[in-house]
Each structure stands twice: as structure tokens, then as C-alpha cells.
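The primary structure of each chain is shown beneath.
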Amino acid sequence: MKKSGFILLLGIMLLSACQKKQSVSRNNEYPDFSIDSTYFANGFILERHSDFKVIHLINPWNKEQTLQTYILCSDSKPLPDHLPKGEIIRTPLKRTVVFSSVICGFLEELDVLHTLTGVAEPEYIDLPYIKHGIETGKIEDIGQASNPHIEKLILINPDALFTNPISDSENTSLNKQPAPIIHCFEYMESDPLGQAEWIRFYGWLFEKEELADSLFRQTLNHYNQLKELTDHVKYRPSVFAELKLGDFWYMPGGKSYMANLFSDAGADYILKENDHSGSVSLHFETVLDKAEDADFWLFKYYSPYNMTYEQLQSDYSNYGLFKAFKERKIYACNTLQTANYYRELPLHPDWILRDFISIFHPELLPNHQPRYYNKLTK
């Protein structure tokens, strides 16, 4: 196929995937996973051939570009002739190295943690299997994700490395080892179900497609069932998020993952008109102007102690100016005590959606016990 023809085909596939995503999300039609397409995720495209499979990884910083193409070939068969251009990966992966706890969460869901031969920054991974593996030497500590031990990686000789790049500048040191580098951008998806759909990306790499599709379908069904509870609520309380950090208040943008969750939970997010899918930096005066009369305030923090109203105002006295502070309608997630928050969030947006619905509309889930966000009590 000529290059121009391939680009045209890829563009059509991207458009088709986006159209399917809109149809499923708006009409609650459940996808037919026998058709190789993505429905909510924008970061990858699946393509099946008779004797190999292809994953096109879309550049999250320039969505018109394909960042990488992975050619998946079963290791139980000879390599097919005339493969398209791309990184050849023999599947299922049997020896892997992972650079983040979030990716470990996906591998745990697919029951393939046993493939791990190395992890970066294990002190931040709260999984008993990995802790035991590090202690016994079955899993190697390869150091910091930003500066891994290349010599260890070469000795481990994995089938692939899984990384979560945070910018489009490549970690060139990883090119000194021979294993394929698989970039994972689930965290760049603004749709909560888009992040969850990345389990299908991992499913193809471990030849666990059926399990991955089944797990995603469960999450999708549960998420939509919860969302239907708030589709016709008459009152949508206003909410704002996070805390002031230094000179700025970093708050989720109006098109962000968290903004979508607030909307699906039946709340009115104060930055809903904002066009950013990441976080936005605001001066305190701007936040006060927009959120002074907001009904609820939700934030995350990291502490060995539970946050109190006294501590909050001690940290910054002007927090007391908000209506949510005065009326004691603040809910917070201590990510130190809820160590699985960041690992579970991409996989199970339905779990955090339950928390949010129980906060904004407690009458809809009267027996719910919070998993992440608890009300400040003092």
C-alpha cells in the first residue's frame, strides 16, 4: 500500500472510531467487541489481520500523528512474510518491565503480574505480589522511572518495557537496551471510560482479548447504570476541586477526566465552560470569584493524618471564605491512606462515580459506603 493510501486509511479509521465513541456514549448502546475498534479511547487503534495484529498508538500531543505502530505476532508461529512497518512484538508477552503502578494495575486485572521481571520505583507500588517479588529477588528494582538502571534492564532481557511518558521528549537512555518500548497514555484520556478501555490495549499484548473485553464491558455497564441515575436530576449542585499549591490553584479543566465525572455524577462543575482537558492554574482571587458560593468542595491530599477544618484553615486562612467550608460540605481523599486510588482510578471509574453520586445526590445511593472521598468531620 502506498504511503498516501495508508495515511488516508488511518484517517478514516480514526474518524470511524470517534463516530462509534459518540454513538455508544450518547445512546447507551453497548459495543460489539467482535469488531476491532475503540469506542471511548482516543489513544490507540486496533487492527486485526489473518496472521498478525496491529496497534496504532496515537501521539497524545499531536493527535494527527501516529507515535508508534506495534505489529503483534504470535510466538507460536513463524513470522509472517511482508509485515507492515512497525515494532514487531511476539505475543503473548512473557517477561515484562513496568514503569508505573497504574500499569501494574492493568496487569493485575488481566492476571499477568507473573510476567513481571522488573519495576521502577517499587516503593510506590502497593501490591503484595510485587512487594514479595522485590523481597525475594524475583522482580528487580530498576530504579527511578526517569533514570533507570540500563545495565539491569539489559541483564533482565524483557520482552517489552511499559512506560508512562509525561511529555513528548523521549527518554533516550532506554534506547540503549534492546527490548521494545511500549508507551502507555491512558492517563491522557479525558473520558473516564476512555481510560478504562485501555485494558483492551493490554489485552492484545498478552493475548487476553476476551478477558479484557469482558472486564471493560462490566465497567461500562456499571458506569452507565450509575450515570442513568443522574440523567434527569432536577437539581445539580455546584462543585469545585483541589487545593491552592504555592502561588496557584491547580484545578481540573472543563474537559478533563474529573470534570466529566462531576457531570456524570449530576453536579455542576464551576469550570465546565473551560476548554482544557488537563489542569489549569488559577490565582486564588479567580477561584474565589467562581467558587465562593459553590455547594461542594472536593480535593485530594497526602498525609498520615486525616484533614480537619481547623488544619485546612491553618494551611491557608482564606479557605474559610468559601460557602462549602462554612456549611461543612467538604469531601476529601487521602491518597496516602487510600494507596490504591491512582491505580484503581483508570480501571474503575464506576467506583469513584459511586462516591460522587453519593455526595451530590445521597438519596440515589442511600446505603453507599465511600471508597475514596470522605466528609471532613472536624
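The model shown is predicted, which means the values in this text are computed figures rather than measured ones. (Residues numbered from 1 in each chain as written. Predicted model: local features only at pLDDT ≥ 70, side-chain atom pairs only at ≥ 80, totals over all residues. Heavy atoms only, no water.)

Draft legend 1. Region of interest: the packing of helix α7 (residues 209–230) against helix α13 (residues 349–360). Viewed as axis vectors pointing N to C, α7 and α13 meet at an angle of 20°, and their least axial separation amounts to 9 Å. Taken together, α7 and α13 sit at an angle that is classed as roughly parallel. As α7 packs across α13, the resulting crossing turns out to be left-handed. From α7, Thr-219, His-222, Tyr-223, Leu-226, Lys-227 and Thr-230 reach across to α13, where they touch Pro-349, Asp-350, Leu-353, Arg-354 and Ile-357. Among the residues forming the contact of α7 with α13, the class breakdown is five nonpolar, three polar and three charged. (Axes fitted to C-alpha atoms, helices over the stretch in contact; angles between N-to-C directions. Helix = DSSP H or I, 4+ residues; strand = E, 2+ residues; numbered from the N terminus. Parallel < 35°, antiparallel > 145°, perpendicular 65-115°, else oblique. Left-handed = near helix turned anticlockwise from the far one by under 90°. Contact = heavy atoms within 4.5 Å. Nonpolar A, V, L, I, M, F, W, Y, C, P; charged D, E, K, R; others polar.)

Draft legend 2. Summary view of the packing of aromatic side chains. Tallied over the full model, the rule gives 35 aromatic pairs. For the pair Trp-249 and Phe-322, a centre-to-centre distance of 5.8 Å together with 70° between the ring planes defines the contact as edge-to-face. Residue Trp-249 is found in strand β14 (residues 248–252), and its partner Phe-322 is found in the loop between α10 (309–315) and α11 (323–326); the two are separated by 73 residues along the sequence. Note on accessibility: Trp-249 and Phe-322 belong to one class, buried. Taken together, a centroid distance of 5.2 Å and an interplanar angle of 35° make the contact between Phe-262 and Phe-356 tilted. Taken together, the residues Phe-262 in helix α8 (residues 257–264) and Phe-356 in helix α13 connect sequence positions 94 residues apart. Take Phe-262 and Phe-356: they sit in the same class, and that class is buried. The ring of Trp-204 has Lys-53 lying over it, and the distance from NZ or CZ to the ring centre is 5.4 Å. A cation over an aromatic ring shows up here: Lys-329 above the ring of Phe-296, its NZ or CZ 5.4 Å from the ring centre. (Phe/Tyr/Trp six-rings, centres within 6.5 Å; stacked < 30°, edge-to-face > 60°. Buried < 20%, exposed > 50% of the residue type's maximum accessible area, 1.4 Å probe, protein only. Lys NZ or Arg CZ within 6 Å of the ring centre and 35° of its normal.)

Draft legend 3. The arrangement of the pairing of strand β1 (residues 44–48) in detail. Across the five residues that make up β1, a large majority, four, are buried. Two elements, β1 and strand β2 (residues 53–58), share five bridges in a ladder whose sense is antiparallel. Each residue of the ladder has a partner; that of Leu-46, found in β2, is Ile-55. Two successive antiparallel strands, β1 and β2, enclose a turn made up of four residues. (Pairing = 2+ DSSP bridges.)

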